Amino acid sequence: MITPEQEQAVRMRQEERFLRRSSHTAARYLREIEFLPGLPKAMEPFLNTLRRIYVDHEGVAADIPCIGIYCMMVPQELIYAAGAMPVKLCSGHYTAFQIGDDRTPRDACPLVKAVAGFREMKTMPIYEDCRLMVVPAACDCKKKIADLLSRESDVHVMNLPMNRTDDTAISGSVTEYKRLIRVVEAVTGQAVTWKRLRDSIWLTGFSQREMSRFLRFKNQERALIRGTHIMAMMNAASYMPQEQWTDCLHSLNEELSERQAKEEYITKANRPRIMLTGSPIIFPNMKLPLLIEQMGGSLAADETCMGERFLYDPVVPTDMSFDGLLRALANRYIRACTCPVFSENRQRIDRVLHMVHRHKIQGVVYHVLRGCLVYDYEFPLLEKALEKEDIPVIRVESDYNEEDVEQIRIRIEAFIELIKLKDLKGKGVGNIHDR
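Residues numbered from 1 in each chain as written. Predicted model: local features only at pLDDT ≥ 70, side-chain atom pairs only at ≥ 80, totals over all residues. Heavy atoms only, no water.

Student: Would you mind showing me how to read the overall build of the chain here?
Tutor: When its secondary structure is counted, the chain shows 16 helices and 8 strands. Principal axes of the C-alpha set define a box for the chain whose edges measure 70 × 65 × 40 Å. Within the chain, buried positions represent 58% of all 435 residues. Considering only contacts within the chain whose residues lie at least 6 apart along the sequence, 74% involve residues at least 24 apart. With the model as given, the accessible surface of the chain reaches about 18900 Å², and the carbon-plus-sulfur share is 50%. Of note, the chain has its 60 positive side-chain charges centred 2 Å away from the centre of its 60 negative side-chain charges. (Helix = DSSP H or I, 4+ residues; strand = E, 2+ residues; numbered from the N terminus. Buried < 20%, exposed > 50% of the residue type's maximum accessible area, 1.4 Å probe, protein only. Contact = heavy atoms within 4.5 Å. Areas by Shrake-Rupley, 256 points an atom, 1.4 Å probe, with all protein chains shown as cover. Lys, Arg positive; Asp, Glu negative; His and termini not counted. Charge placed at Lys NZ, Arg CZ, Asp CG, Glu CD.)

Student: I would appreciate a short explanation of unusual backbone geometry in the present structure.
Tutor: Working note: non-glycine residues mostly have negative phi, and peptide bonds are mostly trans. With an omega dihedral of 5 degrees, the bond running from Phe283 to Pro284 counts as a cis peptide bond. Relative to the helices and strands, Pro284 is located in the loop between β5 (273-278) and α12 (287-294). Unlike most non-glycine residues, Lys122 shows phi in positive territory, near 55 degrees. For Lys122, the position within the fold is in the loop between α5 (110-121) and α6 (125-128). The phi torsion at Glu263 lies on the positive side, around 55 degrees, for a residue other than glycine. Of note, Glu263 is situated in the loop between α11 (242-262) and β5. The class for Glu263 is exposed, based on a relative accessible area of 58%.

Student: Please explain the packing of helix α4 (residues 94-101) against α5 as it appears in this structure.
Tutor: Any two packed helices are characterised by how steeply their axes cross, that is the angle between the axes, and by the distance between the axes. Where α4 meets α5, the closest approach of the two axes is 6 Å, and the angle between their N-to-C directions is 90 degrees. Accordingly, the angle class assigned to the pair α4 and α5 is roughly perpendicular. For the pair formed by α4 and α5, the contact residues are Ala96, Phe97, Ile99, Gly100 and Asp101 on the first element and Pro110, Lys113, Ala114, Ala116, Gly117, Phe118, Glu120 and Met121 on the second. In the contact of α4 with α5, the residues fall into 8 nonpolar, 2 polar and 3 charged. (Axes fitted to C-alpha atoms, helices over the stretch in contact; angles between N-to-C directions. Parallel < 35°, antiparallel > 145°, perpendicular 65-115°, else oblique. Nonpolar A, V, L, I, M, F, W, Y, C, P; charged D, E, K, R; others polar.)

Student: Explain a positive patch on the surface here, please?
Tutor: On the surface, a cluster of positive charge is contributed by Arg13, Arg17, Arg20 and Arg21. In this fold, Arg13 is placed in helix α1 (residues 4-35). (Patch = residues over 30% accessible without salt bridge, like charges linked within 9 Å, V, L, I, M, F, W, Y side chains within 5 Å. Salt bridge = Lys/Arg side-chain N within 4 Å of Asp/Glu carboxyl O.)

Student: Please clarify how the sheet that holds strand β7 (residues 363-369) should be interpreted in this entry.
Tutor: What holds strands together in a sheet is hydrogen bonding between their backbones, with the strands either parallel or antiparallel. Taken in spatial order, the 4 strands make up an open sheet running β6-β5-β7-β8, and their pairing is parallel. Because the sheet does not close on itself, it has two edges, and the strands there are β6 (298-303) and β8 (393-398). Neighbour-to-neighbour, the strand axes of this sheet turn through a mean angle of 25 degrees, independent of strand direction. For β5 and β6, the ladder comprises 5 bridges, and the chain directions are parallel. The residue bridging Ile274 from the neighbouring strand is Leu299, located in β6. (Pairing = 2+ DSSP bridges.)

Student: Could you clarify how one ought to interpret the side chain of Ser22 in this entry?
Tutor: Tracing the chain through its elements places Ser22 in helix α1. The contact partners of Ser22, leaving out residues within four places of it in the chain, are Tyr54, His57, His93 and Thr95.

Student: Would you mind going over the sheet that holds strand β1 (residues 66-69) with me for this structure?
Tutor: Taken together, 4 strands build an open sheet; the order of strands is β2-β1-β3-β4 and the sheet is parallel. Only two strands of the sheet have a single partner each, and these edge strands are β2 (85-88) and β4 (155-158). This sheet shows a mean twist of 30 degrees between the axes of neighbouring strands, independent of strand direction. The pairing of β1 with β2 spans 4 bridges and is parallel.

Student: How should I be thinking about the packing of aromatic side chains in this particular structure?
Tutor: The relation between two aromatic rings is expressed through the spacing of the ring centres and the mutual angle of the planes. Under the definition given, this model contains 7 aromatic pairs. Ring centres 5.8 Å apart and planes at 75 degrees place the aromatic pair Tyr54 and Tyr239 in the edge-to-face group. Residue Tyr54 is located in helix α2 (residues 44-54), and its partner Tyr239 is located in the loop between α10 (227-236) and α11; the two are separated by 185 residues in the primary sequence. Among the aromatic side chains, those forming a connected cluster through ring pairs are Tyr54, Tyr239 and Phe283. (Phe/Tyr/Trp six-rings, centres within 6.5 Å; stacked < 30°, edge-to-face > 60°.)

Student: For this particular structure, what's the right way to read the pairing of β4?
Tutor: Every regular strand shows the same layout, with side chains that alternate between the two sheet faces. Side chains of β4 alternate between two faces, with His156 and Met158 buried and Val155 and Val157 left unburied. Summarising the sheet, strand β3 (residues 133-136) and β4 pair through 4 bridges and their orientation is parallel. Residue pairing in the sheet places Val135 in a bridge with Val157 of β4.

Student: What am I meant to see in the side chain of Thr25 here?
Tutor: Examined against the element boundaries, Thr25 turns out to sit in helix α1. Apart from the residues within four sequence positions on either side, Thr25 is in contact with Tyr94 and Thr95.

Student: Where do I start with the pattern of salt bridges in this structure?
Tutor: A side chain of one charge can pair with a side chain of the opposite charge if their charged atoms are brought near each other. By the definition in use, this model includes 26 salt bridges. Arg198 serves as the salt-bridge partner of Asp199, at 2.9 Å between the closest nitrogen and oxygen. Overall, Asp199 belongs to the partly exposed group, its relative accessible area being 27%. Linking Glu303 and Arg348 is a salt bridge whose minimum nitrogen-to-oxygen distance equals 2.4 Å. Residue Glu303 is located in strand β6, and its partner Arg348 is located in helix α14 (residues 346-358); the two are separated by 45 residues in the primary sequence. Among the residues examined, Glu303 registers a relative accessible area of 0% and is labelled buried. Put simply, Arg370, Asp376, Arg395, Glu397 and Asp399 are held in one network by salt bridges that share partners.

Student: Which parts of the structure should I look at to understand the environment of Val60?
Tutor: Mapped onto the elements, Val60 comes out in the loop between α2 and β1. Judged by relative accessible area, Val60 falls into the buried class, the value being 14%. Not counting chain neighbours up to four residues away, the residues in contact with Val60 comprise Arg52, Ile53, Cys66, Met85, Val87, Ile126 and Tyr239.

Here's what the structure looks like:
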């Protein structure tokens, strides 16, 4: 018979092992990110944020209430307008995934398993400090996340229109935003007024303008900054107050401006330019972008919801009434969203093709988290579209385990060599094996 004291002792040992293993994994990936040549000095605050959250296991450094969100389709402007900070809680956490793997169905997506692991251990401040969880019903797995979280936390489920082209998509979204406003106001005790909503939209606009400047530096044919560093910077946005993140991005832009003036490029011009798209890349699960750049590719663009997609489109109100601002949010978060959960999604294919041409992409890596059916379903459609453009594409299926790293390394290396061979043949050089 196990006594309560013995049970408590076992629990404490489990928590200690969880924290130790999770810190070790996150610290190792941060070292790999920092080891990549050409790390800008201005990246330090972004990497320190990830280190504080995942290695030191501290909370978000904000003096306002935190509200957890599980999808970028939750308008962060509404949460800021209510006097709170949105914290993106979708995680690529290896240790939490392993714990959740024993508590969820085998074919559940890694994100659900990681959430289950965090709920089991209750040791990560970023999860425990959030006073409300907002979960859009974007897919079946997100619905199960809402059910899982609701057993111990306050949860608000957002309904999403499945057909963005329908005339009711915007009006339905406005109704959902008003529901969310009432729930968030009850948590913070602050009313979402017209002025507060307008100011929060302007706040996001400052971030987007700084991001637009950053993308001009990023789009250089010879890189000023590595794609893996960019993905780490975008992941850090999940845990930084928006004004702080924008200020840090401004400092990074200033450093990149100096690099450009001095022609201090960090990669050779002949590195294959790779685009990463598909399921999100979430820290500390950074194995794929790291492998692309370690194997000789240049990660020149990403079309993922934890990457550049986060700040693609600005909120542009044409009607400055309160409902007009809400409609502008719906146009940005629903109509412009390229997530494959929507029933009609040609817009996503068009976006990827536009980015392929804009960034002069030579090959596309399509990432599928095991069990993420919406992204997996869409791969053949994108593959066909890229084939017409003569752009090679490779599908990489993975989860939050590290057991497949060497297998993925071999496939990525072969894919990059294929692109080099294709480029040589295009230049009339002949077979790479004859050189």
